Amino acid sequence: MSRFYPLTVASVAKNTRDAVVVTFDVPPSLEPAFRFRPGQYLTLRTTVNGEELRRSYSICAAPGDGHLRVAIKRLNDGAFSTWANAELERGDVLEVMPPDGHFTVDFDPAAQRHYVAFAVGSGITPILSLVKAALETEPDSRFTLFYGNRSSSAVLFREEIEDLKNRFMARFSLIHIMSREQLDIDLFNGRLDGAKVRELLGSWLQPSSIDYAFVCGPQDMTESVIAALQENGVPKSQIKFELFGSPPGPRALRTGRDAPQAPGAQTCELTIVQDGVTRTITIEKNKDSLVDSALAHGIELPYSCKGGVCSTCRCKVVQGEVDMDANFALEDYEVARGFILSCQSFPVSDTLTIDFDQET
Ligand SMILES: Cc1cc2nc3c(=O)[nH]c(=O)nc-3n(C[C@H](O)[C@H](O)[C@H](O)COP(=O)(O)OP(=O)(O)OC[C@H]3O[C@@H](n4cnc5c(N)ncnc54)[C@H](O)[C@@H]3O)c2cc1C
Ligand code: FES
């Protein structure tokens, strides 16, 4: 269900100097709605200084942990993260959308796999969930984590990750990569990016041993690491990624498009299927995205980043055609099946039906 639920903050704990871990109280009546798969995220909504803010935060717990929590790292001038680090307190109520996202795999107790993850900074949050779930669910699988940070003081969940290492000593390898702190092994100094991954694949890690690779961090890091993995023979279908940073540009409110004008009529009959309800509206073709067009008609579709990054606005085109400006979230097979990001999509055909209830 694409709606927000009010959840009370059970605790706010400092994890590093500029990151807090926020744990929510989930009342029994909402437990089914907030069941999650490892690697999924929550969309949080609040109002700061009169402005509504929505942001996505990955769940940094495994499904078996018995709690729902996220870690929010403060960014310079970041509206939500600064507010959460400075003001959010136990007992506050946030609007929270149920878990979403496809940065995950189906863990199988009978599997015998080698998972490898590349995380930078706060990109560790979904990876922590995946590491725990993999090691706890699959007794014959192993996990190698490359975790990039400036220095050890910036490492999120340092103790928790060390505990995991001690608990799963034979199956969990942890390699820190530091950009501003000298480590003994030269290979582990510098930035965790595509160039570093090429070096690692040439010496430390056999690409052929990787069953699934998870990559999480800002856009440039994610793209370059994926390219390095593919160049070294890791198939795209075995690489999962989650982008944290919005690419520049889409933050700006759209007032029109530069793209070529859609053919035919200037308007489109848009039919929206959402939570079992069907509604039809007439929208302009070359003006706003589907999300913004629907909002202008008083219909709230699910969204968070509006930048093509988070996939909260994912839906399926059942009839008609759209033009999607940016896609940093959907995988090729999803696009082939007709899924789109409605915050980035504009109607091309004169009639269009989009469905938010279809999962596959
Ligand atoms: C699926 C997903 C999961 C995520 N999980 C996490 C997580 O677990 N932990 C986490 O910390 N983050 C996570 N993020 C990132 C998070 O959603 C936010 O993007 C992040 O916290 C920044 O939000 P903000 O409101 O603080 O910053 P914003 O106000 O959105 O600003 C973002 C950046 O842009 C800069 N900026 C602000 N205004 C402008 C402007 N006008 N022009 C140019 N630049 C500007 C700011 O300085 C800041 O550095 C995730 C994102 C996604 C998509
Ligand atoms: S709202 Fe984030 S991708 Fe559309």
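This is a predicted model, so every value here is computed, not measured.

Details of the site of ligand 1
Okay, step 1: Not every one of the 23 residues close to ligand 1 is listed here, only the nearest: R55, S56, Y57, N76 and S81.
Okay, step 2: Take Y57: an N or O atom from its side chain is 2.6 Å from an oxygen atom of ligand 1.
Okay, step 3: Taking S58, its main chain carries an N or O atom lying 3.1 Å from a nitrogen atom of ligand 1.
Okay, step 4: When ligand 1 sits alone it has 970 Å² of accessible area, and the protein chains cover 73% of it.
Okay, step 5: Broken down by element, the residue count for the shell around ligand 1 peaks at four residues, all from strand 4 (residues 51-58).
Okay, step 6: For the shell around ligand 1, the per-class residue count stands at eleven nonpolar, seven polar and five charged.
Okay, step 7: When residues are assigned to domains, the shell around ligand 1 turns out to be shared by domain 1 (5-100) and domain 2 (114-243), each giving three or more.

Concerning the pairing of strand 3 (residues 41-48)
Okay, step 1: Of all eight residues making up strand 3, seven are buried, and the element is well covered by its neighbours.
Okay, step 2: As paired elements, strand 3 and strand 4 share eight bridges and run antiparallel to each other. Residue T47 lies in a different strand from strand 4, and its bridge partner there is E52.
Okay, step 3: Between strand 3 and strand 4, which pair antiparallel one after the other, the connecting turn spans two residues, and N49 there sits at a positive phi close to 50°.
Okay, step 4: Two strands pair when backbone bridges link them, and strand 3 and strand 6 (residues 93-100) are joined in this way by four bridges, in the antiparallel orientation. Directly across from T43, in strand 6, lies its bridge partner M97.

Some remarks on the packing of aromatic side chains
Okay, step 1: Enumeration according to the criterion identifies eleven aromatic pairs in this entry.
Okay, step 2: With a centroid separation of 5.0 Å and an interplanar angle of 85°, the aromatic rings of F188 and W204 are classed as edge-to-face. Pair noted here: F188 is in the loop between strand 9 (172-178) and helix 4 (194-203) and W204 is in the loop between helix 4 and strand 10 (212-217), with a separation of 16 residues, a long-range link.
Okay, step 3: An aromatic cluster of three or more residues is present, and its members are F103, F107, Y115, F143, Y212 and F214.
Okay, step 4: Directly above the ring of Y303 sits R54, whose terminal nitrogen or CZ lies 3.8 Å from the centroid.
Okay, step 5: Above the ring of Y303, the side-chain terminus of K306 is found at 4.7 Å from the ring centroid.

What about the pairing of strand 1 (residues 5-16)?
Okay, step 1: Bridge count for strand 1 against strand 6 is four bridges, and the pairing is antiparallel. Of the residues in strand 6, the one forming a bridge with L7 is L94.
Okay, step 2: As defined by bridge partners, strand 1 adjoins strand 2 (residues 19-25) across seven bridges and the pair is classed as antiparallel. Looking at the pairing, T16 lines up with A19 of strand 2.
Okay, step 3: Remark: two residues form the turn of the hairpin made by strand 1 and strand 2, two consecutive strands paired antiparallel.

Regarding the nonpolar core
Okay, step 1: Judged by nonpolar contacts, the single largest core of 32 residues is most densely connected at I124, I127, F143, L145, F157, F172 and F214.
Okay, step 2: Counting only elements with at least two residues in this core, the list comes to strand 2, strand 7 (114-120), helix 2 (124-137), strand 8 (142-149), helix 3 (158-167), strand 9 and strand 10.
Okay, step 3: Counting residues in hydrophobic clusters, the runner-up holds 25 residues, among them L44, L53, V70 and I72.

Topic: the sheet that holds strand 14 (residues 314-319)
Okay, step 1: Strand order in the open sheet formed by five strands is 13-12-18-14-16, with mixed pairing between adjacent strands. Lying at the two open borders of the sheet, with one neighbouring strand each, are strand 13 (277-284) and strand 16 (339-341). Strand after strand, the sheet turns through a mean of 35° between neighbouring axes, direction not considered.
Okay, step 2: Relative to strand 18 (residues 351-355), strand 12 (residues 267-274) runs parallel, the two sharing five bridges. Across the sheet, T271 pairs through a bridge with T353, a residue of strand 18.

Structural notes on the domain arrangement of the chain
Okay, step 1: Structurally, the chain comprises domain 1 (5-100), domain 2 (114-243) and domain 3 (267-355).
Okay, step 2: Using only C-alpha atoms to locate each centre, domain 1 and domain 2 end up separated by 24 Å.
Okay, step 3: Counting residues at the interface gives 18 residues for domain 1, matched by 17 residues for domain 2.
Okay, step 4: When domain 1 packs against domain 2, the two sides together hide about 1,300 Å² of surface, and 55% of this comes from carbon and sulfur.
Okay, step 5: Here domain 1 and domain 2 share two salt bridges between them.

As for the environment of Q219
Okay, step 1: Along the polypeptide, Q219 turns up in helix 5 (residues 219-231).
Okay, step 2: For Q219, a relative accessible area of 18% puts it in the buried group.
Okay, step 3: Between the C-alpha atom of Q219 and that of S81, which follows or precedes it by 138 residues, the distance is 18 Å.

Brief notes about the side chain of D18
Okay, step 1: Among the secondary structure elements, D18 is positioned in the loop between strand 1 and strand 2.
Okay, step 2: Despite its burial, D18 remains without a salt bridge, the nearest opposite charge being carried by R150 at 4.7 Å.
Okay, step 3: In contact with D18, other than residues within four places in its own chain, are I72, K73, R74 and N85.

About the criteria used
- Residues numbered from 1 in each chain as written.
- Chains lettered and ligands numbered in written order.
- Predicted model: local features only at pLDDT ≥ 70, side-chain atom pairs only at ≥ 80, totals over all residues.
- Heavy atoms only, no water.
- Near = heavy atom within 4 Å.
- Polar contact = N/O pair within 3.5 Å; in protein donor to acceptor, adjacent residues only side chain to side chain.
- Areas by Shrake-Rupley, 256 points an atom, 1.4 Å probe, with all protein chains shown as cover.
- Helix = DSSP H or I, 4+ residues; strand = E, 2+ residues; numbered from the N terminus.
- Nonpolar A, V, L, I, M, F, W, Y, C, P; charged D, E, K, R; others polar.
- Domains from an automatic or database assignment.
- Buried < 20%, exposed > 50% of the residue type's maximum accessible area, 1.4 Å probe, protein only.
- Pairing = 2+ DSSP bridges.
- Phe/Tyr/Trp six-rings, centres within 6.5 Å; stacked < 30°, edge-to-face > 60°.
- Lys NZ or Arg CZ within 6 Å of the ring centre and 35° of its normal.
- Core = buried A, V, L, I, M, F, W, Y, C linked by side-chain atoms within 4.5 Å.
- Axes fitted to C-alpha atoms, helices over the stretch in contact; angles between N-to-C directions.
- Contact = heavy atoms within 4.5 Å.
- Buried area = accessible area lost by both parts, 1.4 Å probe.
- Salt bridge = Lys/Arg side-chain N within 4 Å of Asp/Glu carboxyl O.
- Lys, Arg positive; Asp, Glu negative; His and termini not counted.

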